[in-house]
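Here are the chains, one letter per residue:
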Amino acid sequence: MPPRIRARISCLFIALLLGMWASACRPSSDILPGSTTMDVTLTDGTCTPGAWTVLADHEISISFHNQTEEARQFTVMLIPVTPQPGRLNAADILWTTPVPPGDSSATFTTPPTAGEYDVLCGPEGVLSLETLFRLIVTQAQN
């Protein structure tokens, strides 16, 4: 095979691999507008899915699967989280619930206002950007 064709095939193969990698890194959105349940899996340093899309002012049932050996805190913030680690301010929290190891559940009413809300699911009361995810709230369409 001529070197020029081999180089083109190599470039196509690399582009294909990069595309697959980029799609794997994109945050998933397992709960879509209109859904009333969502599954959240917590492991050390991660929380999946990485983004949730929900309708404004709706009650959502959350099934937690905490695969760590310690309790976590699932916290929906009213304001964007700053990039500096630190402690959470109670006035900036919309809703929070402890998540013990193993399986548990909770019910949450989504914010009444459409927008993107930061969600933390790390150790209780600790701000860590490693556990920062998004709650995307949309208005119901009539």
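Counting restarts for each chain: residues are numbered from 1 in the order of the written sequence. With the structure being a predicted model, the display of local features is reserved for residues of pLDDT at least 70 and the display and counting of side-chain atom pairs for 80 or more, all residues being used for whole-chain, interface and lining totals. Water and hydrogen atoms play no part in the side-chain values, which are based on all heavy atoms of the structure.

Chemist: Describe the nonpolar core, and please don't skip the residues or the numbers.
Modeler: Counting residues in hydrophobic clusters, the biggest one holds 22 residues, and the most contacted among them are Val40, Trp52, Ile62, Phe64, Phe74, Val76 and Leu135. Only runs of H or I of at least four residues qualify as helices and only runs of E of at least two qualify as strands under DSSP, and these elements are numbered from the N terminus. Those elements that place two or more of their residues in this core are strand 1 (37-43), strand 3 (51-55), strand 4 (59-66), strand 5 (72-77), strand 7 (93-99), strand 8 (102-109), strand 9 (115-120) and strand 11 (132-138). The contact criterion used throughout is that any non-hydrogen atoms of two residues lie within 4.5 Å. Setting aside anything within four residues of it in sequence, one finds Val40 in contact with Cys47, Thr48, Trp52, Ile62, Ser63, Phe64, His65 and Phe74. Residues enter a nonpolar core if they are buried and are Ala, Val, Leu, Ile, Met, Phe, Trp, Tyr or Cys, with the set joined through side-chain atoms within 4.5 Å. Residue burial is assigned from relative accessible area. The probe radius is 1.4 Å, only protein chains are included, and a residue is buried under 20% of its type maximum, exposed over 50%, and partly exposed in between.

Chemist: Explain the side chain of Thr110 residue by residue, including any values.
Modeler: Along the chain, the position of Thr110 falls in the loop between strand 8 and strand 9. Counting of polar contacts relies on pairs of N or O atoms within 3.5 Å, with two restrictions inside protein: one atom must be capable of donating a hydrogen and the other of accepting it, and residues adjacent in sequence are counted only when both atoms are side-chain atoms. Side-chain polar atoms of Thr110 contact the backbone nitrogen of Asp57, separated by 2.9 Å. At a separation of 2.8 Å, a polar atom in the side chain of Thr110 contacts the main-chain amide nitrogen of His58. Apart from the residues within four sequence positions on either side, Thr110 is in contact with Val54, Leu55, Ala56, Asp57, His58 and Ile60.

Chemist: Give me the lowdown on the pattern of salt bridges, citing residues and values where you can.
Modeler: Think of a salt bridge as a Lys or Arg side-chain nitrogen and an Asp or Glu carboxyl oxygen that are within 4 Å of each other. In the structure shown here, the tally under the stated rule is four salt bridges. Its salt-bridge partner being Glu70, residue Arg72 comes within 2.8 Å of it at the nearest N-O pair. Exposure remark for Glu70: the relative accessible area of 41% places this residue in the partly exposed category. Across the pair Asp118 and Arg134 runs a salt bridge whose closest N-O atoms are separated by 1.8 Å. Note that Asp118 is positioned in strand 9 and Arg134 in strand 11, a separation of 16 residues in sequence.

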